[in-house]
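Structural overview for review
Spelled out from the first residue to the last, the chains are:
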Protein chains: 2
Amino acid sequence: MSNSKSADLFESSDSSRSGKPLRFAQYVTFDEPITLAAGDVLPSVTVCYETYGQLSPQRDNAVLICHALTGDSHVASHDDEDDPGWWDILIGPGKPVDTDKYFVICPNVLGGCRGTTGPNSIHPETGKPFGSDFPVVQIEDIVDVQRRLVDHLGIDQLHGVIGGSLGGFMALTWGVRLPSRVRGVVAMATSPRLTSQGLAFDVVGRNAITSDPEYQGGQFYSNGQGPLVGLAIARMLGHITYLSREAMTSRFDVNRMDARNIKTRFETKFAVGSYLAYQGDRFGDRFDANSYVTLSTAMDLFDLGGTAEELREAFAVTKARWLVMSFSTDWLFLPFQSREIVNALIANNRPVTYCNVISKCGHDAFLLADDLESYGEMTRAFLDNIDEGSDHAVANPVPERPTSIFQNRLEYDTLLEMIPPKASVLDLGCGGGEFLGRLQDQGHHHVVGLELDERAILACIQRGLDVVQVDLNEGLAAFSDGQFDVVVLSQTLQAIRNVERVIREMLRVGKHAIVSFPNAAYAPLRERLAEHGLSPQTDSAQGYHWFNTPSVRTFSIRDFEDFCRMQGIRIERQIAIDTRAGTAVTEHPNMQADIAIMMLSR
Amino acid sequence: MSNSKSADLFESSDSSRSGKPLRFAQYVTFDEPITLAAGDVLPSVTVCYETYGQLSPQRDNAVLICHALTGDSHVASHDDEDDPGWWDILIGPGKPVDTDKYFVICPNVLGGCRGTTGPNSIHPETGKPFGSDFPVVQIEDIVDVQRRLVDHLGIDQLHGVIGGSLGGFMALTWGVRLPSRVRGVVAMATSPRLTSQGLAFDVVGRNAITSDPEYQGGQFYSNGQGPLVGLAIARMLGHITYLSREAMTSRFDVNRMDARNIKTRFETKFAVGSYLAYQGDRFGDRFDANSYVTLSTAMDLFDLGGTAEELREAFAVTKARWLVMSFSTDWLFLPFQSREIVNALIANNRPVTYCNVISKCGHDAFLLADDLESYGEMTRAFLDNIDEGSDHAVANPVPERPTSIFQNRLEYDTLLEMIPPKASVLDLGCGGGEFLGRLQDQGHHHVVGLELDERAILACIQRGLDVVQVDLNEGLAAFSDGQFDVVVLSQTLQAIRNVERVIREMLRVGKHAIVSFPNAAYAPLRERLAEHGLSPQTDSAQGYHWFNTPSVRTFSIRDFEDFCRMQGIRIERQIAIDTRAGTAVTEHPNMQADIAIMMLSR
């Protein structure tokens, strides 16, 4: 993973500490045989870890950080003299994962090479390094060792587990295999399993390592420097997949022939070539080839399921609240894969928030400062609200946010009044969550919002709401039939192209649907067309014109009634409003009302 | 490049002939020192090539095929006993490149290893293979040798040059460096230069080869088998980039753990892993490592420019007609890069047709049968119409196609009548080219269409028209100020979200703009709203409703007039039509006309 914000083009956020000792590292050894998922037994396991902040007297503020493929326990620096940590931007006093509030734990993973038992550890029986005799490790084995560490620290339940990429696999595994041990899971830039394309890159990287004659079947520790060429090739390849194409272009394409003059065994043609050579060469100084093979194999073997059904089953047991974030230009762990996780949680009616952060940075985005305002602040708000509504709840003032689409008090109150008590509610296009927040305050227990806008999503999380980023035109496929009592679509239908599909989906997912929309047959609009020959523009008061209005559907109350008749939809209740007069309209609503609210069912 | 249509998952279209002799290969040796672009001199060059069909007495029907990185001269089979050619689906009697019409020539490239002089050829002075002493070759050197072959065959001007991928670089080079030697260029799945991401993959591949101890500095021919491991790694990596992620998923993800049991030195975990191992192992049987390094370096050095301005200059000299095709899932040579080529040709007012073929196959799509109906038929139509309007023109019956958006004869005739004689015309949303075809028949020399639909684009090419695939919502940035006399937008404005931008762009690119649109204030529509409270739906006669109409803008003649006044646009002429009555409307057009046609200027 590499840091595009660094002053030096060649610096990389997690490769800056090669060989240095970890001053604050702590160690614990579990001196008993540990049976791995595949059946192999490790005689004992030592875990290297670091901690930050203070464990509360209730022992309920612990946050576990899971590192990615080549990370280590040094997630943040401990003091001014300490070396930089690989996630310093996220973790520390006052930072998104605030070590003034939370007790942060970061262990090096099983199979790694930075203090925790791995292939370069000494086998207690032979007195020599395991080498390629180190057993096949899976993500669940890594998590099992992390769980032992958490037990050792006397923590029954983690406040949160956070991980990105391979660390995301661990976070997912905590959520589904140790459901009572964690209250909140933050999974970034991850997936239920690698794509075949992702697998393919890993396979080529391992082939480069194990085909290097210096690999010596994995027993290279006593003889030579190890497969530095193969490891460098694997690292170069990895680097390409961590960056977006756009990031590579902006970084290397301006002066593409401008190769850095470095001492290396590799080709240094082109700016990008000398960068890769530099990264490849340096990697061998700090990482063990057998660990690379072990952990990349663990990554490849991780598989929560390949179908929606398998994933639904995999996530059935989780009890945690979830925050899932993908990054728009990540092509190694793709946004649609995060959506698969989210859909499985939705199918199980679990609380989940999802955002696909718009980023230029590719897979590495979760390690970089560029998008910290999004993913960092979402993480902060999520951690602070995991216990919203539970005994663990922390007082959390709802921030003032831009007002939502609810411009009209009467419409807003009417909508609220229409929702039956204790109903579960899905709000399509929920904005910053004002309406849902009101419902939550009124004691509606299961309220979920769908929203496109990243800032509005953050505002929802800050209110302690669950919100999923969805383009309504794509439908509500993730939700099951009758999953909510009420599905609300307020002042949005006129901006949707695929009206039939959205209404059909609302009535599938909700027992009732409530829509509100502007009425194009309101008397002043009729007059506008009939008398003046001008388009019946419903939002001209908001400063829109026919050529730039977000309203792409022009329709009246009667048009909508006709539509319902054609589609066999029952209108249970209909409330028409004249917002200018501030009154409900009972006579000639299609003439006298500018807004209609309808409660529908099949 | 690999063939996903093959019965055997593991077969690959261009790797099936390892070591076999080329029965129909011909050879010519240019026995004179040849100076390369970088200054090195080759003492002589032998070219291996194959030909198909008959050269016409006028010597004007020759089509040159340029192969990609690992191809050869055997582009198609010559008879039933012959081995398959790598582009058999495209080339042969009655096929898109019809060898009953065209004399097809396909040479192996300079620096290759299938008969033409390359690193494994014997250096005439030393009596040993060149090895890594083979000079750096650039695409212009490869094309220079192809030009010598064309000279040798007595051909002054090629009817066409066709190439994909690296072969596309050659086709581009013919167009811009030998402008008088070629009438038509077909460039598929190519770009003005690699992205830095593409460069990076090549660099890693070469590093794998040259770091393999068996590479021996490139002089491996007399000692051992050569760098088979490094070459295999490079090939595996290449394979990943040739396939789309989607193609890999559908091919390997269903049974992802289902590895083929093959004998190989490489890892065979996962379906995709054993596939890559198989491809990697086989590649060494048929390809030379030094050729791989030579040709991939030539690919990386190719650079027509990194900015629109540089590309405009690069393409300024071309005289050919162009067909540029990209493939939607190609992530090695991306569609936007083809658009850069197209934009440079447009900026030079050169005739060009462009289509981004919707494909699942990735970069390899141009070698596969899946999308042949698109790219193959476009190639056929283009080749048959290169000379449309010139002395070389072949009689070409315009096929019957689905009718265009011009539903109304009167509107159609009015539009035609509005265009001044001999005008250059750009038609936005040109459909199958009916209107442009009429203009071309009337002697308007420079007519160009923009269209989104792939089938409509093919219909245009079959009419001998130039058509560029553009989403009008993205604007007309490729076109320069005042490039056309008239820009036409017929019955499309109501379906466009970004009205202001499209009109502004029309008036920038055209000296005049002509728009036609339906009038929402037509009397029956006024009545519909005023009397019945129903939306003034302009296309209800076409079976659309308010909830599914493609018309996302509802506006009247007066609305449009107001818009023009606000924007400072002059309405030069205005013709309103009552299509029911079949007459032009002069009194109260905003009431009496259902369609308006306006000629605008700044």
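It should be emphasised that the depicted structure is a prediction, and the values quoted were computed from it without experimental measurement.

1. Brief notes about the overall build of chain A
Scanning chain A for helices and strands turns up 17 helices and 20 strands. Counting only C-alpha atoms, chain A reaches 95 × 55 × 45 Å along its principal axes. Out of the 602 residues belonging to chain A, those deemed buried represent 57%. Long-range pairs, those at least 24 residues apart, make up 69% of the contacts in chain A with a sequence separation of at least 6.

2. Side note on the relation of the copies chain A and chain B
It takes a turn of 180 degrees to lay chain A on chain B, together with a shift of 0.0 Å along the axis; the resulting RMSD is 0.1 Å. In the structure described here, the two chain copies are related by an operation that fits a two-fold rotation axis. Relative to the rotation axis, the closest C-alpha in chain A is found at A:Val552, a distance of 2.2 Å. Most of the interface of chain A is mirrored in chain B, where 100% of its interface residues again form contacts.

3. Overview of the pairing of strand β8 (residues 103-107) of chain B
All names here are of chain B. Most of β8 sits out of view: five of its five residues are buried. Side chains Phe103, Ile105 and Pro107 project from β8 onto one buried face, and the interleaved Val104 and Cys106 project onto a second face that is buried too. As paired strands, strand β4 (residues 45-52) and β8 are joined by four bridges and run antiparallel to one another. Opposite glutamate 50, over in β8, you have cysteine 106 as the bridge partner. Here strand β5 (residues 62-66) pairs with β8 via three bridges, running parallel. By the bridge assignment for β8, valine 63 is matched with valine 104.

4. Quick word on the interface of chain A and chain B
The interface of chain A with chain B comprises 59 residues on the first partner and 59 residues on the second. Mapped onto the side of chain A that touches chain B, the elements with two or more residues apiece are α3 (196-211), α4 (228-242), α5 (245-252), α6 (271-286), α14 (499-509), α15 (523-532), α16 (557-567) and α17 (589-592) of chain A. Its residues placed into classes, the side of chain A that touches chain B shows 31 nonpolar, 15 polar and 13 charged.

5. Points about α4(A)
Look at α4(A): 21 Å from first C-alpha to last across 15 residues, which is about the 21 Å you get at 1.5 Å a residue. Counted residue by residue, α4(A) has 15 buried out of 15 residues, so it is predominantly covered.

6. Details of the domain arrangement of chain A
How big an interface is tends to be stated in terms of the accessible area lost upon association of its parts. Residues and elements named next belong to chain A. Domain annotation of chain A identifies domain 1 (26-385) and domain 2 (409-601). For domain 1 and domain 2, the distance between their C-alpha centres works out to 43 Å. Taken together, the 19 residues of domain 1 in the interface contact 14 residues of domain 2. Only α9 (335-347), β12 (352-357) and α10 (372-385) provide two or more residues apiece to the side of domain 1 that touches domain 2.

7. A word on the packing of helix α4 (residues 228-242) of chain B against helix α6 (residues 271-286) of chain B
All names here are of chain B. Between α4 and α6, whose axes approach to 8 Å, the crossing angle comes to 130 degrees. Considering their axes alone, α4 and α6 lie oblique with respect to each other. Crossing angle aside, the handedness with which α4 passes α6 is right-handed. Contacts from Leu228, Leu231, Ala232, Ile233, Arg235, Met236 and His239 of α4 reach α6 at Leu276, Gln279, Gly280, Asp281, Phe283 and Gly284. Looking at side-chain class alone, the contact of α4 with α6 contains seven nonpolar, four polar and two charged residues.

8. A look at the pairing of strand β12 (residues 352-357) of chain B
Remark: a regular strand shows side chains that alternate across the two faces of the sheet. Residue and element names in this part refer to chain B. Counting buried positions along β12 gives six out of six residues, so the element sits mostly inside the fold. Here β12 shows a buried face lined by Val352, Tyr354 and Asn356 and a second buried face lined by Thr353, Cys355 and Val357. In this structure, strand β11 (residues 321-327) lies alongside β12, joined through six bridges in parallel fashion. Note that in β12 the partner of methionine 325 across the bridge is cysteine 355. In this fold, β11 hands off to helix α9 (residues 335-347), which returns the chain to β12; that crossover is right-handed.

Criteria and cut-off values
Residues numbered from 1 in each chain as written. Chains lettered and ligands numbered in written order. Predicted model: local features only at pLDDT ≥ 70, side-chain atom pairs only at ≥ 80, totals over all residues. Helix = DSSP H or I, 4+ residues; strand = E, 2+ residues; numbered from the N terminus. Buried ≥ 20, exposed ≤ 12 C-beta atoms within 10 Å, placed from the backbone. Contact = placed C-beta atoms within 7 Å. Least-squares fit on C-alpha atoms with pLDDT ≥ 70 in both. Pairing = 2+ DSSP bridges. Nonpolar A, V, L, I, M, F, W, Y, C, P; charged D, E, K, R; others polar. Expected span 1.5 Å × (residues − 1). Domains from an automatic or database assignment. Axes fitted to C-alpha atoms, helices over the stretch in contact; angles between N-to-C directions. Parallel < 35°, antiparallel > 145°, perpendicular 65-115°, else oblique. Left-handed = near helix turned anticlockwise from the far one by under 90°. Right-handed = clockwise from strand over helix to strand, strands pointing away.

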